Amino acid sequence: MYSTKRSRSEHESSPLHSKRDSESSDAKNAEYEKVAREYFESAYCLSNNSGSSANLLAISSLMQSGKLQRGDQVIVPALSWSTTVFPLIQYGLVPVFIDQNEEDYNIDINQISSCAKDIRDIKAIVLIHTYGIPADIESILNIAEDNNWIVVEDTCESMGAQYKGKRVGSFGEIGTF
């Protein structure tokens with residue numbers, strides 16, 4: 001899990017950060033986090049056991065910080081993995097599924113725009129870069145900014161992919177891999 005937008009206090013309040021005195025915080029792990037932080041050009045990086053756990057920790061940190069609350073609606077690509085959706089349900093958030101486009105199978109920008117107009121209670125979007133192909137991040141970020149949505153990037157299937165020279169996962173508030 002990494003972030004370019006979160007403050008130090010938000011980073012330190014993450015559930016994983018509180019476990020830093022465990023065996024997972026040895027020198028090799030610290031070096032791995034440093035390498036990942038530099039690779040993703042991110043302010044922070046917290047390693048964990050899997051992308052599934054990273055997604056859960058990302059949603060947990062947004063809930064614990066008060067940025068998301070039970071009942072908030074979150075856009076999710078219909079073409080996604082269960083571990084992208086389950087953390088939302090676990091925390092009482094309401095997934096709003098958006099279909100993929102037919103060109104690259106990423107989330108359909110036109111449907112996101114329609115959703116923004118039709119459903120006013122959307123608070124966030126979980127973005128997946130399907131099959132390693134970056135989604136239209138620029139359009140998504142514009143829609144998210146216009147609607148004050150949080151952007152979470154699940155890059156578990158696209159780690160290392162780039163959009164306009166910048167690594168995916170570094171555009172939203174939190175990225176997971």
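Definitions and cut-offs
Residues numbered from 1 in each chain as written. Predicted model: local features only at pLDDT ≥ 70, side-chain atom pairs only at ≥ 80, totals over all residues. Heavy atoms only, no water. Helix = DSSP H or I, 4+ residues; strand = E, 2+ residues; numbered from the N terminus. Buried < 20%, exposed > 50% of the residue type's maximum accessible area, 1.4 Å probe, protein only. Contact = heavy atoms within 4.5 Å. Areas by Shrake-Rupley, 256 points an atom, 1.4 Å probe, with all protein chains shown as cover. Core = buried A, V, L, I, M, F, W, Y, C linked by side-chain atoms within 4.5 Å. Arc of directions from axis to C-beta. Pairing = 2+ DSSP bridges. Right-handed = clockwise from strand over helix to strand, strands pointing away. Polar contact = N/O pair within 3.5 Å; in protein donor to acceptor, adjacent residues only side chain to side chain.

Draft legend 1. Up close: the overall build of the chain. Counting its secondary structure elements, the chain contains 6 helices and 9 strands. The buried share of the chain, taken over its 177 residues, is 49%. Considering only contacts in the chain between residues 6 or more positions apart, those separated by 24 or more positions represent 64%. Accessible surface computed for the chain: about 8900 Å², of which carbon and sulfur atoms make up 48%.

Draft legend 2. Expanded view of the nonpolar core. If you look at the biggest cluster of nonpolar residues, it comprises 22 residues, and the most contacted ones within it are I75, I107, I112, I125, I140 and W149. Apart from the residues within four sequence positions on either side, I125 is in contact with V74, I75, I107, I112, I140, W149, I150, V151 and V152. One finds V76, V85, A124 and V126 within the second-largest nonpolar core, a separate group that totals 15 residues.

Draft legend 3. Structural detail: helix α6 (residues 137–147). Looking only at α6, the buried set comprises I137, I140, I143 and A144. The arc that holds every buried residue of α6, seen down its axis, measures 130°, which confines them to one face. Exposed and oriented more than 90 degrees from the buried face of α6 are E145 and D146. The elements touched by buried residues of α6 are α5 (109–118), β5 (122–128), β6 (150–154) and β7 (162–163). N148, located one to two residues past α6, shows a positive phi value of around 60°.

Draft legend 4. Spatial organisation of the pairing of β6. The buried count for β6 comes to 5 of 5 residues, which makes it a mostly enclosed element. Covered by surrounding structure in β6 are I150, V152 and D154 together with V151 and E153, the residues of both alternating faces. Examined bridge by bridge, β5 and β6 share 5 bridges and lie parallel to one another. Note that in β6 the partner of V126 across the bridge is V152. Each parallel crossover has a hand, and for β5 linked through α6 to β6 it is right-handed. As paired elements, β6 and strand β9 (residues 174–176) share 3 bridges and run parallel to each other. When the sheet's bridge partners are listed, D154 is paired in β9 with T176.

Draft legend 5. Quick peek at the side chain of N29. Considering the arrangement of structural elements, one finds N29 in helix α2 (residues 27–39). For N29, a relative accessible area of 15% corresponds to the buried category. One polar contact links N29 to S47, side chain to side chain, over a distance of 2.7 Å.

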